[in-house]
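# Close look at the chain arrangement
Spelled out from the first residue to the last, the chains are:
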Amino acid sequence: MATPSRPDQPPRRSGGSSTAPLHAESVLGGRADPGTSAVPAMGPGVEPAGFEETTQALAPAVGPWADSLGRAGSRAAQTLLVAAVVVGVIWVLLQVKVVLIAVLVALILASAVGPVVKWLEHRGWSNLLATLAAFLGILALVGGVITGIVFAVRSEWDTLTASAQEGWNELQRLVQSGPIPVDTAAIDSAVQQAGDFVTSGSFAGGAISGLGAATEFITGVVLMIVVLFFCLKDGEKMWNFTLRWFRGERRAKLAESVDRSAQVLGGYVRGTAFVALIDAVFIGAALLALRVPLAIPLAVLVFVTAFIPVVGATIAGVVAVLVALVTNGPGTALLVVLVIIVVNQIEGNILQPIIMGRTLSLHALIVLLALTVGTLVGGIFGAILAVPYTAVAWAVIQVWSSRYQVGDDPVLGPDPVNPKDRVESKATMAERWKYQRMRYQQALGGRFGATERDAVRQDDSTDDDAGERAPHAAGRGTGSGEDARKP
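Scope of this entry: the structure provided in the associated data block. Just so we're clear, the structure is a prediction, and the values are computed from it rather than from any experiment. (Residues numbered from 1 in each chain as written. Predicted model: local features only at pLDDT ≥ 70, side-chain atom pairs only at ≥ 80, totals over all residues. Heavy atoms only, no water.)

### Observations regarding the overall build of the chain
For clarity, the threshold we go by: Per the convention used, a helix needs a DSSP run of H or I reaching at least four residues, while a strand needs a run of E reaching at least two, with both numbered from the N terminus. Partly exposed describes any residue whose relative accessible area lies between the buried limit of under 20% and the exposed limit of over 50%, with all areas from a 1.4 Å probe on protein chains only and scaled to the type maximum. Here, two residues are considered to be in contact whenever any of their heavy atoms come within 4.5 Å of each other.
Summing up its helical and strand segments, the chain has 14 helices and zero strands in all. For the chain, the α and β elements follow one another from N to C terminus as α-α-α-α-α-α-α-α-α-α-α-α-α-α. Residues counted as buried form 26% of the 487 residues belonging to the chain. In the chain, the proportion of contacts linking residues at least 24 apart, taken out of those at least 6 apart, comes to 65%.

### Observations regarding the packing of aromatic side chains
So the rule is basically this: In this analysis, rings of Phe, Tyr and Trp, with Trp reduced to its six-membered ring, are considered paired at centre separations within 6.5 Å, and the interplanar angle assigns stacked below 30 degrees, edge-to-face beyond 60, and tilted for intermediate values.
Applying the stated criterion across every chain yields a total of five aromatic pairs. On the basis of an interplanar angle of 70° and a centroid distance of 5.4 Å, the ring pair of F135 and F229 is categorised as edge-to-face. Highlighted residues: F135 in helix α5 (residues 127-177) and F229 in helix α7 (residues 201-243), separated in sequence by 94 residues. Across the pair, exposure class does not vary: F135 and F229 are buried alike. With a centroid separation of 5.7 Å and 80° between ring planes, the pair formed by F303 and F307 is classed as edge-to-face. Joined through ring pairs, the aromatic side chains of F135, F229 and F230 make up one cluster.

### Side note on empty space enclosed by the protein
What counts is decided by this rule: In this analysis a 1.4 Å probe is tested at points of a 1 Å grid over the protein atoms alone, and where it fits but cannot get out there is a cavity; an open set with protein on both sides within 12 Å along at least five of seven lines is a pocket; lining residues have an atom within 4 Å of a point. Grid points are joined across faces, edges and corners, and a volume is the space filled by probe spheres set on the points.
Inspection of every chain in the model, using the stated rule, returns one cavity of 30 Å³ or more. There is about 80 Å³ of room inside the largest cavity. I283, V302, A313, A316 and N344 are the residues nearest the centre of the largest cavity, which is lined by 13 residues in total. When residues of the lining of the largest cavity are traced back to their parent elements, those giving at least two are α8 (249-289), α9 (295-305), α10 (312-328) and α11 (330-356).

Next comes the structure, spelled out in structure tokens:
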């Protein structure tokens, strides 16, 4: 006797490439299998018939990556793949380190001098004349500084070497007469070994490798000059060309990323240069007053090392103190130490907060880590470029990510990011209006930034409309003429 169908039994579905899902649904849900007429037992604690067989049949369809271990393995594989790509990119960049450093230095200089070019253009100068004026001004400044250092060292080199010899002899006498016993024979042996190394073939090989490094340096300088010129002259044009490949939100974020990057790099270079100039003037004046040889080159060294955060001032101070100690004695060296401490305190507590402001917006630990990594990867140039480009990376991350929860939190407490450090607070009203126009330009029907195909379509549609209106206009013209000829 056939079992009557239940009122709540769903109708039999048709279609599909397999009846396995239907079978699983009927068994797991306590419904009748379309292929059978028996109704499985129902009720609390009663396992549907065929439950274990169905789950085993469905298990291979899930796959071995569905459990927690499989998901962890897939994430580990993805992480290793991304790490391999990052390592490969870094390896390629290290192979062209000269080109990379030249481009990075040119970009940071162009960001610092770019406002001067725009200011000259607003004054009525042409783009070429403004670029040449700013470009030649940079070359004259850098060339003058280098020439001054060379002539200052040459004019005082004999005095410095004689004073260094006397200071070395005085230092040996102080060591021998001091309370701590020192083996002077070991010192003389070390000096002799240093002299033998200078006259050996190993030193000649090192000199040859140094000549190769000098050649790379000159090549990088020439490339940097060329890239700097074109960045100053055609920077906006090249970036305009790049933005035309994007539209909408992506174009707006790319434009904002470049604006914030230029703002960070330019502000960092200009602020650091001004602070370094003040440090160099004060320390150089003190060295001149104390009659320390090579006061001008040491002041220039203070200016250059100021671009290395945290440790730059310490390096310049140690060199100045050593020169004063060797040439003028311990008393003058102690006075130089006091001057450097006072200048550093003024810089850290007064000049940096007022001039630099919140340009970098980085924690001191991040600055230290970026400086260390940059030094290990790129040497002195890496130490100079690591911190500003880390600040650029942080600004770009803020532009492209909206996951950070702004404001105070009832559980986490106050927001550790100052509102003045947020990227949205650093854009001007004109820049914000520009970004909004980029976002809604396509929705408003603007032609600017349209692809070539869209432009051609719009031109074709305009021509078609004009062609359709022409016969009607001609007909109206003829009719009017005929009407005019009628009596």
